[in-house]
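The residues making up each chain are set out below.
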Amino acid sequence: MNLDFTYDLETYWNMFSACIVHNETKTRWIFEVSDRRNQAAQFIEFVFWLREIGARMVGFNNEGFDWPVVDHCVKIGVNFTARDAYDKAQAI
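Here is what the cut-offs are and how they apply
- Residues numbered from 1 in each chain as written.
- Predicted model: local features only at pLDDT ≥ 70, side-chain atom pairs only at ≥ 80, totals over all residues.
- Heavy atoms only, no water.
- Pairing = 2+ DSSP bridges.
- Helix = DSSP H or I, 4+ residues; strand = E, 2+ residues; numbered from the N terminus.
- Contact = heavy atoms within 4.5 Å.
- Salt bridge = Lys/Arg side-chain N within 4 Å of Asp/Glu carboxyl O.
- Buried < 20%, exposed > 50% of the residue type's maximum accessible area, 1.4 Å probe, protein only.
- Axes fitted to C-alpha atoms, helices over the stretch in contact; angles between N-to-C directions.
- Parallel < 35°, antiparallel > 145°, perpendicular 65-115°, else oblique.
- Left-handed = near helix turned anticlockwise from the far one by under 90°.
- Nonpolar A, V, L, I, M, F, W, Y, C, P; charged D, E, K, R; others polar.

Engineer: Which residues make up the pairing of strand β3 (residues 28-34), and what are the values?
Structural biologist: Relative to β3, strand β2 (residues 15-22) runs antiparallel, the two being bridged by seven bridges. Its bridge partner being in β3, Ala 18 is matched across the sheet by Phe 31.

And the structure:
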């Protein structure tokens, strides 16, 4: 099985989203962290699952932007907010 997952993040002060697609099956996961919906815990669990199965997360500017934001959110844990992700994105 192919273990590559392509993803993209959007970071706004009041909304964080992550769209992740399994390259082989085209299965898609979308996570949102905002006042409307808080899927921070599900997103963190998903990232840990990807690590557990040895998957690769592939992104357009993965090393320069997306992964540092993901790593920051994972380090905060399941209580990260859209503002946490936005502040990291602005720092980059």
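Picking up where we left off.
Engineer: Which residues make up the environment of Val 69, and what values do they have?
Structural biologist: Considering the arrangement of structural elements, one finds Val 69 in helix α2 (residues 62-76). Spatially, the C-alpha atoms of Val 69 and Asn 23 are 22 Å apart, while their sequence positions differ by 46 residues. If near-sequence neighbours (up to four positions away) are discounted, Val 69 is found in contact with Leu 9, Thr 11, Phe 16, Ala 85, Lys 88, Ala 89 and Ile 92.

Engineer: Could you give me a rundown of the pattern of salt bridges, with the residues and numbers involved?
Structural biologist: Summed over all chains, the structure comprises four salt bridges. Among the salt bridges present, the one from Asp 4 reaches Arg 56, with a minimum N-O distance of 2.8 Å. Taken together, the residues Asp 4 in strand β1 (residues 4-12) and Arg 56 in strand β4 (residues 56-58) connect sequence positions 52 residues apart. Note on Asp 4: relative accessible area 17%, which makes it buried. As a salt-bridge pair, Arg 36 and Glu 32 come within 2.6 Å of each other at their nearest N and O atoms. Assessed through its relative accessible area of 61%, Arg 36 is described here as exposed.

Engineer: How would you sum up the packing of α2 against helix α3 (residues 82-91)? Please name residues and give values.
Structural biologist: Interhelical geometry of α2 versus α3 gives an angle of 140° and a closest axis separation of 9 Å. Overall, the two elements α2 and α3 adopt an arrangement that is oblique. Where α2 crosses over α3, the handedness of that crossing is right-handed. Taken together, the residues of α3 that come into contact with α2 (itself represented by Phe 65, Pro 68, Val 69, His 72, Cys 73 and Ile 76) are Asp 84, Ala 85, Lys 88 and Ala 89. For the contact of α2 with α3, the residue count by class is seven nonpolar, one polar and two charged.

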